[in-house]
Amino acid sequence: MPGTGKLFVISAPSGAGKTTLIRKVLTRFKNLSYSISHTTRSPRENEKDGIDYFFINQDEFEQKIALDHWLEWAKVHDNFYGTSKSFIKNSLGKGQSLILDIDVQGAGQIMALGLDIVSIFIMPPSFEILSQRLEKRGTDTKEVIARRLENAKSEIACKDLFQYVVVNDNLDKATEELCLIFKKEMA
Ligand code: 5GP
């Protein structure tokens, strides 16, 4: 992939605090932005098309699979998610580094491409805390939460595939740890 920007691939089980951590890191570095994924899931309250995700339907998603549009894609919790090759290429070409907030299947696909990436896994402090956080968030139904917890087990089992593992037991501490990684890798 041409360009001078760097790709940071971050994965975590849903509810590990990844989104909050990523937002904090993004405010600290100028040449770093967020890779906006495409998804077939419905927008949550407060989510905006073109900011949080590009929301598309399943037909469009599948057409783009056929057209080799995705750098990686995966079905997560019954919805499709994908990273557009052209989005990444354009950003890196402008010297922008990018954070890809993607699941472990997508992270594995990108690792297999042999690109120069930095991979980071965010760990929740415990399974109990993860479960409490998902319930407190109040954005998902009981069934969705149960499915997300089930997926969390298999995602955590993949953590050793990542170059860095950051445990989010304390938000400030995890933010500092994460920022040190970005500082070192972008130097
Ligand atoms: P949510 O629906 O909670 O926003 O995201 C669910 C999961 O999908 C999260 O683990 C998130 O990292 C992952 N995800 C978001 N965008 C992408 C993407 O483009 N590709 C892949 N493989 N996973 C994604």
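Above this text you will find the structure in question.
It should be emphasised that the depicted structure is a prediction, and the values quoted were computed from it without experimental measurement. For every chain, the first residue of its written sequence is number 1, and the numbers climb from 1 along that sequence. Restriction of local features to residues with pLDDT of at least 70 applies here, the model being predicted, together with a cutoff of 80 or more for giving and counting side-chain atom pairs; totals for whole chains, interfaces and linings are based on all residues. Hydrogens and waters are ignored; side-chain quantities use all the structure's heavy atoms.

1. Section: the packing of aromatic side chains
Logical step 1: Put simply, two rings from Phe, Tyr or Trp (the six-membered ring, in Trp's case) pair if the centres are within 6.5 Å, and we call them stacked under 30 degrees between planes, edge-to-face over 60, tilted for the rest. Inspection of every chain in the model, using the stated rule, returns ten aromatic pairs.
Logical step 2: Summarising the aromatic geometry, the rings of F29 and F182 are spaced 6.0 Å apart at their centres and angled 35° between planes, so their arrangement reads as tilted. Of this pair, F29 sits in the loop between α1 (18–28) and β2 (32–34) while F182 sits in helix α7 (residues 171–186), and the two are 153 residues apart along the sequence. Both residues of the pair, F29 and F182, belong to the buried class.
Logical step 3: Counting every residue linked through ring pairs, the aromatic cluster contains F61, W70, W73 and F80. Each helix corresponds to a stretch of at least 4 residues labelled H or I by DSSP, and each strand to a stretch of at least 2 residues labelled E; elements are numbered beginning at the N terminus. Burial classification: accessible surface area is computed with a 1.4 Å probe over protein chains only, and a residue below 20% of its type maximum counts as buried, one above 50% as exposed, and the rest as partly exposed.

2. Regarding the pairing of strand β7 (residues 97–101)
Logical step 1: With five of five residues buried, β7 lies mostly within the body of the structure.
Logical step 2: Every second residue of β7 is oriented toward a common face, with S97, I99 and D101 on one face and L98 and L100 on the other, all of them buried.
Logical step 3: As judged from the three bridges shared by β2 and β7, these two strands associate in the parallel manner. Residue pairing across strands places S33 opposite L98, the latter belonging to β7. By this definition, two strands are paired if DSSP reports at least two bridges between them.

3. Let's talk about the sheet that holds strand β5 (residues 70–76)
Logical step 1: Ordered in space as β4-β3-β6-β5, the four strands form an open sheet in which the pairing is mixed. Strands with a single pairing partner mark the edges of an open sheet, and in this sheet they are β4 (53–55) and β5. Each adjacent strand pair in this sheet contributes to an overall mean axis angle of 25°, direction not counted.
Logical step 2: Where strand β3 (residues 37–39) lies against strand β6 (residues 79–84), two bridges are found, and the strand directions are antiparallel. In the strand pairing of β6, H38 is matched with G82. Think of each axis as a best-fit line through the C-alpha atoms, taken over the contacting stretch in the case of a helix, with angles from 0 to 180 degrees between the N-to-C directions.

4. Focus: unusual backbone geometry
Logical step 1: If you check the backbone angles, N46 has positive phi at about 80° while not being a glycine.
Logical step 2: Here N46 shows up in the loop between β3 and β4.
Logical step 3: Residue D78 is not a glycine yet carries a positive backbone phi of 75°.
Logical step 4: With respect to the secondary-structure elements, D78 resides in the loop between β5 and β6.

5. A few points about the nonpolar core
In globular proteins that are soluble, nonpolar side chains generally tend to be buried together.
Logical step 1: Definition used in this section: a nonpolar core is a set of buried Ala, Val, Leu, Ile, Met, Phe, Trp, Tyr and Cys residues joined via side-chain atoms within 4.5 Å. Counting 20 residues, the largest nonpolar core has V25, I99, I120, I122, L178 and F182 as the members making the most contacts within it.
Logical step 2: Of the residues forming this core, the biggest block, five residues, is contributed by α7.
Logical step 3: Working rule for contacts: check all heavy atoms of both residues, and any pair within 4.5 Å makes them a contact. Setting aside chain neighbours within four positions, we find V25 in contact with L32, I99, L178, C179 and F182.
Logical step 4: Listed in part, the 15 residues of the second largest apolar core include L92, L98, I102 and I117.

6. Digging into the pattern of salt bridges
Logical step 1: Each salt bridge in this description consists of a side-chain nitrogen of Lys or Arg and a carboxyl oxygen of Asp or Glu lying within 4 Å of one another. Per the counting criterion, the structure on display carries twelve salt bridges.
Logical step 2: Put simply, E47 and R44 hold a salt bridge, and the shortest N to O gap is 3.9 Å.
Logical step 3: The partner of D78 in a salt bridge is R147, with the nearest N and O atoms 2.9 Å apart. Taken together, the positions of D78 in the loop between β5 and β6 and R147 in helix α6 (residues 142–156) put the pair 69 residues apart, joining distant regions of the chain.
Logical step 4: Take R147: its relative accessible area is 33%, and that puts it in the partly exposed class.
Logical step 5: Beyond isolated ion pairs, a larger network of salt bridges with shared partners links R41, R44, E47, R137 and D140.

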